[in-house]
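# Examination of the molecular architecture
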Amino acid sequence: MNPLKKVYCRTFQTVLKLSLPFLPYRKPKIVGSVKALPDIIRENKCNNVLIITDAGITKLGLTKRLEKALVDHEMPYTVYDRTVANPTTANVAEALQLYRDCKCDVIIGFGGGSSMDCAKAVGARIAKPKQSLAKMKGILKVHAKLPLLIAVPTTAGTGSETTLAAVITDANTRHKYAINDFPLIPRYAVLDPKVTLSLPQFITATTGMDALTHAVEAYIGRSTTYGTRKDALKAVRLIFENLETAYNDGSDLTARRNMLHASFYAGCAFTKSYVGYVHAVAHSLGGEYDVPHGFANAVLLPYVLEAYGTRIYKKLYRLSCAAGIVEKGTPRKVAAIKFIEAIRDMKKSFGIGDTIKEIQEEDIPKLSKYANDEANPLYPVPVLMNAKELEYFYRILMEKPQEESQIEKMEQEE
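The structure reproduced in this document is the subject of the present report. (Residues numbered from 1 in each chain as written. Predicted model: local features only at pLDDT ≥ 70, side-chain atom pairs only at ≥ 80, totals over all residues. Heavy atoms only, no water.)

## Concerning the overall build of the chain
Looking only at helices and strands, the chain has 16 helices and nine strands in total. In summary, the chain has a C-alpha radius of gyration of 20 Å against a globular reference of 22 Å for 414 residues, a match within 12%. Across the 414 residues in the chain, those meeting the buried criterion constitute 57%. About 17,100 Å² of surface is accessible on the chain, with carbon and sulfur atoms providing 53% of the total. Positive and negative side-chain charges in the chain, numbering 55 and 44 respectively, have mean positions lying 8 Å apart. (Helix = DSSP H or I, 4+ residues; strand = E, 2+ residues; numbered from the N terminus. Rg over C-alpha atoms; globule rule 2.2 N^0.38 Å. Buried < 20%, exposed > 50% of the residue type's maximum accessible area, 1.4 Å probe, protein only. Areas by Shrake-Rupley, 256 points an atom, 1.4 Å probe, with all protein chains shown as cover. Lys, Arg positive; Asp, Glu negative; His and termini not counted. Charge placed at Lys NZ, Arg CZ, Asp CG, Glu CD.)

## Thoughts on the environment of F12
With respect to the helices and strands, F12 occurs in helix 1 (residues 3-19). The spatial distance from the C-alpha of F12 to the C-alpha of N376 is 9.5 Å, given a sequence separation of 364 residues. Filtering out sequence-adjacent residues up to four positions away, F12 remains in contact with I139, P377 and L378. (Contact = heavy atoms within 4.5 Å.)

## A word on the packing of helix 10 (residues 277-289) against helix 15 (residues 387-398)
Packing of helix 10 against helix 15 leaves a shortest axis separation of 11 Å and a crossing angle of 60 degrees. In this view, helix 10 runs oblique relative to helix 15, as classed from their interaxial angle. Handedness of the helix 10/helix 15 crossing: right-handed. Residue-level inspection shows Y277, V281, S284 and L285 of helix 10 in contact with helix 15, the latter providing L390, Y394 and L397. (Axes fitted to C-alpha atoms, helices over the stretch in contact; angles between N-to-C directions. Parallel < 35°, antiparallel > 145°, perpendicular 65-115°, else oblique. Left-handed = near helix turned anticlockwise from the far one by under 90°.)

## A closer look at the layout of surface pockets
Size it by volume and the largest pocket reaches roughly 910 Å³. In this structure, the largest pocket is lined by 48 residues; those nearest its centre are G112, G113, S114, T158 and H293. Listed by contribution, the elements that provide at least two residues to the lining of the largest pocket are helix 3 (55-60), helix 6 (113-127), strand 7 (165-169), strand 8 (176-180), helix 7 (201-220), helix 9 (253-273), helix 10 and helix 11 (293-308). Of all the elements, helix 7 adds the most residues to the lining of the largest pocket, at six residues. Among the residues forming the lining of the largest pocket, the class breakdown is 21 nonpolar, 22 polar and five charged. (1 Å grid on protein atoms, 1.4 Å probe; cavity = no way out; pocket = protein on both sides within 12 Å on 5 of 7 lines; lining within 4 Å. Points joined across faces, edges and corners; volume = space filled by probe spheres on them. Nonpolar A, V, L, I, M, F, W, Y, C, P; charged D, E, K, R; others polar.)

## Quick notes on the packing of aromatic side chains
For the structure on display, the rule yields seven aromatic pairs. With a centroid separation of 4.6 Å and 45 degrees between ring planes, the pair formed by Y247 and F350 is classed as tilted. Taken together, the positions of Y247 in helix 8 (residues 226-248) and F350 in the loop between helix 13 (332-349) and helix 14 (364-375) put the pair 103 residues apart, joining distant regions of the chain. On the basis of relative accessibility, which here comes to 4%, the residue F350 falls in the buried class. A ring pair is formed by Y392 and F393, whose centres lie 5.2 Å apart and whose planes are at 70 degrees; its orientation type is edge-to-face. Residue Y392 is classed as partly exposed on the basis of its relative accessible area of 32%. For F393, a relative accessible area of 0% puts it in the buried group. For K234, the ring lying beneath its charged end belongs to Y265, and the centroid distance is 4.5 Å. Residue placement shows R344 over the ring face of Y303; its charged tip is 5.0 Å from the ring centre. (Phe/Tyr/Trp six-rings, centres within 6.5 Å; stacked < 30°, edge-to-face > 60°. Lys NZ or Arg CZ within 6 Å of the ring centre and 35° of its normal.)

## Thoughts on the sheet that holds strand 8
The strand order across the open sheet built from three strands is 5-8-7, with neighbouring strands paired in mixed fashion. For this open sheet the edge positions go to strand 5 (138-139) and strand 7, each flanked by a neighbour on one side alone. Of the pairings in the sheet, the one linking strand 5 to strand 8 comprises two bridges and is parallel in character. Opposite I139, over in strand 8, you have N180 as the bridge partner. (Pairing = 2+ DSSP bridges.)

## What to know about the pattern of salt bridges
A full pass over the atoms with the stated rule returns 15 salt bridges. Across the pair E241 and R237 runs a salt bridge, and its minimum N-O distance is 3.2 Å. Taken together, the residues span about one helical turn, with E241 and R237 both in helix 8 at a distance of four residues. Using a relative accessible area of 47% as the deciding quantity, one classes E241 as partly exposed. The closest approach of N and O atoms between R395 and E361, which form a salt bridge, is 2.8 Å. Taken together, the residues span a long stretch of sequence, with R395 in helix 15 and E361 in the loop between helix 13 and helix 14 at a distance of 34 residues. Each of E306, R344, K347 and D354 takes part in a single network of salt bridges with overlapping partners. (Salt bridge = Lys/Arg side-chain N within 4 Å of Asp/Glu carboxyl O.)

As structure tokens, then:
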């Protein structure tokens, strides 16, 4: 990246960090069970619910406990379950029409990040009916109160129940973009482990590593606060202690509950401190090829950490200690390498590879431009990279590299 662009990016990020204490961040109120929602809805003087979810969730019957609770309280509801893995503007338009036709006054995003992102975007369109989603792209373009918005995560990973972001894919161009504004933060987050019990192993793994990516990128960035560092470390500890158990024994309620809380803490961390190039690259892959976001993050994470090099050794040392990988006093370089190796080992144990087969060489310049436009100047990454430099990550994912690994290079550094 050229020097002038670097100065611009760092100045932008510094101003944003200095403004953090004055911005209206808030954490959603935590609810322990979907059975508590009817009373909460009535307390907020609402009584007609739109549940936004996906076909897989309804097929598994995960909404049944919520639906029964609503029926028992004689509360009308409608279900929209056509949300796709990377929610599109078409999904939002369909759900919005349903909200209006059924005269709903509360939205429940029920599912993974896709369902919650769709719910947020529907809320934004209700709040600003004359403005398209494309015109809300970026930061602080909504600035209007949404209907009552409740998030019920069925995966422990996206953190969408805590964030001010909704990531949407244009149905025509396939361009994926984020809408970021404080009204998009859900009012309530329902951390109910029972709705996660039916998750397949692979989804448990990739969403858990999505949460890990959130915590790590928030922690190693340059816009952390005491609170976000604390939340990120807590999330990393919980993930390393519980993800493997949740993966191997999906019926373990304690592990499932701890993973939901890990996702929540990681979400709180990156909502304020933002993410980095792992997310920027992953979003472009999701938009172009429908690569699941958690899977893309899991594959990318060790490569991006390696590319940052010595700049993040100190922070990776602290993460490594929090994860229980090394003891305090371990040399920073050793701890950093072991942390990245632990992520690779975790991926391997979950059957997550090192490549993304959908990537096409001719698409790389376009994809890297999307990633550059998303990340710069917003994301306070440890090392700035331009679009040309970001092309490296797409190419390394196309096939398993045969040359000396980055880990080996790190080990040989003086």
